[in-house]
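What follows is each chain in one-letter form.
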Amino acid sequence: MTPAAGRNRTNSNGSEDRDAIMTYSRRSFLHALTAGMGGAAVPASTLLALEGALTRAAAQQAAPNGPVPPITFFAPNWPDYIEISRLIANTWSQLGVEVDLKQGTAQTLMAEVIGEHNTPHAVGVSWGGAPDRIDPDYFLTEFFNSRRKIKGGLNYGNYDNADYDAVNDAQRAEMDPETRRELVWKCQEMLAADNPILVLTFRNATQPYNKARWEGVVPTLASGVGMSYIPWTYYKMKPLTSRKVARTANFTEIVTLNPFATPEIFNATLLRWIYPTFVTRGPNGDVEPWAAESWSVVDPTTVDVKLRPGMVFDDGAPVTVEDVKFTFDFIMEWKFPAFARVPEVVESLEIVDPATVRFKLKQPSASFVPNVLGFCFVAPRHVWQALPEGLASPADWPNEAPVGYGGFKFIEWRKGEYLQLETNKHFFLPPAVDGVIWLFVPNIENQLAMMESGALDMLGWNIDGEQAKRMAEHPDLEVVSVPSHGMHEIRLNMDMAPISDPAFRMALQHATDRKELVEVVFSGLGAVPATNTVITGANEFWSNPNLPMPDFSIEKARQALADAGYTWDAEGRLHYPAG
Amino acid sequence: MTTKARGRALISRAIQSGLTLWVLATIIWLMFRLLPGDPTTALLGTGQLPPDAVARLRAEWRLDDPMGAQYLRYLGNLLTGEFGLSFTFRQPATEVLAPALVNTLILMAPATAISVVGGVLLGAWLGWRRGGAAEFGGALLVLVLRSLPAFWIGIVLLMAFSYSLGWFPIGGIRTPAFFPETWWEELPGFDFLRHLVLPVTAAVLYFLADPLMIMRTSMLEARTEDYISYAEARGLPDRRVRRIARRNAMLPVVTYVGIMVSFAFGGQILIEMVFSWPGMGRLMVESVTQRDYPVAQAAFLLMAAIVVVVNFLVDLLYALLDPRIRDA
């Protein structure tokens, strides 16, 4: 097998893929390989550096009067993006440009686009509704701050605007929510003027549950009624039958019980059921106290956190401020990658009184409360101090019998099969169920059939429109669809002609039919964004309502191009402006 | 062949096997380095980790070391039986593999055994009945089953016996927190066997054809051999003649069983996916998509090693079954 043949097979998924994004060059491969063997460090992905079309297009400047080259649009080969790509290509091509669709695996996308910033004209991606993305800082900074215009950063569209950076940095450091909101709105306004991104939809969180067996589910922003992220449903749902242990399922499985080890969102949030965070998000996305009874911002770099009284670890020991201090010192000492946000923000931590700890921050940080206090937890000092010798990092400890203090206690984990949890009646908000079993079922057909047969009570991941229809037909099942801040978007490469031209980006905004897309691809289970911003309107406090989305109109799109001096030749092909 | 010569042949085969394994280990190592991305890529894409944290992980996992150094470290570890720590599970790769391998064998051992024994007996029977309606119908049936993808057979079984009739569970290897409701459900192993029936059936229906058809063909050939005519001429009863033919006809099947066994260890990815079976196949797919090099390498190398070892054993078995090879 030649490597080239292997590559094409990996990526081939549909006819668009004939010359997959990774055009493979034997010479570059040999070159990289010999360099690597010779001693220079070569990350594996450079072996597959993007060549040909992309590089040439990047170097190419808009030739006056010349024809506009084909727009390369890369998206992962997920079913939704395969459809989205076709719809996009259909409307964009009405501007007189050719749209060159490329598809690859998610791994290719991550390695080449995020890892190496080998970005074609446009890249389609979807972002899930993880709780840390509710705070506006996530999308505004990670996607658009020029500091993130580095390999591995999420600003792979190369948006670089010093004025924006200044406002963005100011909102990051503003501890007063009202003042911060003005800055956050300003950021959104600047982005709406520059159009570095095409927001397609905020896809709903849609899941079925068994209404004959359970009542009192809580529709929650982005988590719906079944996901692990913000699990209000599992805390509040009440059994209607003798089955008091709820069964739910996800495609992916957890890989560790060690809460310090994993940054993966499903695994991490599920472990927070056992080790609750200091604050959590309410059903509408507001920050609420959780393992902390309250917190207060003393000054912009000092935050006091009061621990909820009466919390007890599963082994009977009380949860103390000493445990809190130990946990943060532990994180700072070992620099766990999953907790990279902590040493970035936290200077030190001291005990004020038996119920209160004081965080000293390195600089004011608006996202400290939601994203640090909302991600960190308390580890029992007596357990984690006594780890066996010889571990490279405590993150390598399997923690086979987690000692937590949350609403759920660990019972059993069978790898690749299920995680069984039991209710902790001592928690301040004891769940009404007796326990929850998370099954790891790798295919959706089985999950749906198990919902229908009653083997499952809910699903911990989203279903699509067709599946929702099927579930709703069953007399015992109800489908709940809840707005999310998670997003399908197309990032535009600001460094590549013709995308580098603001008029062209505006034309693309007008040539993108979001309504059709939500109807066709998501059967209407998503928001058609009314405003031109990455912060969904459902995130009411932060979303700037004064930025109307450019409406879908090929006419207006062509007009925008004509106004900027673009012309069309006899065959209808778009040409660059003269001079 | 003298004992000494046989010993020498054995040693040279062992050296040959060792070299084969080294080449395979190298190819497997190279294969994963050629895939785009590395174990930290998946973390980048989640957007949960800032780039500098990813850089720190890369350093911690020594992915920035020169390729040559990484390769030598890998080979050195292999010699001491070390596959390294799984990047995703953060446990030794062998500890991650062991339970999955056990689960796969629970499924594949009975499936392989039933397919081979059933295939040999049925194949011999069909071969002996050359030209009859039974032979035609039987051969057609197994060929049809063989041409259907295993996962499709699995889905049909699931739809019929789980979704519609509800006789068997929809996938999985056991029911978590299983509470028996009737006396038969209390029988030891009941829940487990109920989970085992459909995936084993799907695998058997798929695997049966190869040993069966090989046996049938080989039986047809054996029938025309002189020693069979001689046995018939001696007036031996049909059953004894058939036994003579069967023993001779089995040789090609034995070779094929070697291949089947090595496949069995790798699991049937599609069957495991359809039945949510927590085995090797699923683990291999996950470790490759996650670029969990240590687990993926260990899994592939294990399969390769089994092929090499089984081939070696098959050669030995040949000698037992066929004296001509022993004395050649």
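Residues numbered from 1 in each chain as written. Chains lettered and ligands numbered in written order. Predicted model: local features only at pLDDT ≥ 70, side-chain atom pairs only at ≥ 80, totals over all residues. Heavy atoms only, no water.

### Regarding the overall build of chain A
Regarding its fold elements, chain A presents 19 helices and 22 strands. Put simply, chain A has 579 residues, and 59% of those count as buried. If you take every contact in chain A between residues at least 6 apart in sequence, the share linking residues at least 24 apart comes to 69%. For chain A, the accessible surface area stands at approximately 21,400 Å², while carbon and sulfur atoms represent 53% of it. (Helix = DSSP H or I, 4+ residues; strand = E, 2+ residues; numbered from the N terminus. Buried < 20%, exposed > 50% of the residue type's maximum accessible area, 1.4 Å probe, protein only. Contact = heavy atoms within 4.5 Å. Areas by Shrake-Rupley, 256 points an atom, 1.4 Å probe, with all protein chains shown as cover.)

### Structural notes on the pairing of strand β15 (residues 408-414) of chain A
Residue and element names in this part refer to chain A. In this structure, β15 lies alongside strand β16 (residues 418-423), joined through six bridges in antiparallel fashion. Bridged to tryptophan 413 within β16 is leucine 419. Where β15 folds back onto β16 in an antiparallel hairpin, the turn is made up of three residues, including glycine 416, whose phi is positive at roughly 75 degrees. (Pairing = 2+ DSSP bridges.)

### Digging into helix α15 (residues 444-453) of chain A
Residue and element names in this part refer to chain A. Taking burial as the measure, the ten residues of α15 include seven buried ones, the bulk of the element. Considered for burial, the residues of α15 that qualify are Ile444, Asn446, Gln447, Leu448, Ala449, Met450 and Met451. A positive phi of about 90 degrees marks glycine 454, the residue just after α15.

### Focus: the side chain of serine 228 of chain A
Residues and elements named next belong to chain A. With respect to the secondary-structure elements, serine 228 resides in the loop between β6 (214-215) and α9 (232-236). At 2.9 Å, the side chain of serine 228 forms a polar contact with the side chain of threonine 269. In contact with serine 228, not counting residues within four places along its chain, are Phe266, Thr269, Leu270, Trp273 and Trp438. (Polar contact = N/O pair within 3.5 Å; in protein donor to acceptor, adjacent residues only side chain to side chain.)

### Structural notes on the interface of chain A and chain B
Contact residues are listed per partner, giving 65 residues for chain A and 50 residues for chain B. Surface buried jointly by chain A and chain B totals about 4,800 Å² across both partners, of which 60% is contributed by carbon and sulfur atoms. When residues of chain A are sorted by the area they lose upon contact with chain B, Gln107, Pro337 and Lys415 of chain A head the list and together hold 13% of the total. Our count for the chain A to chain B interface comes out at two salt bridges. (Buried area = accessible area lost by both parts, 1.4 Å probe. Salt bridge = Lys/Arg side-chain N within 4 Å of Asp/Glu carboxyl O.)

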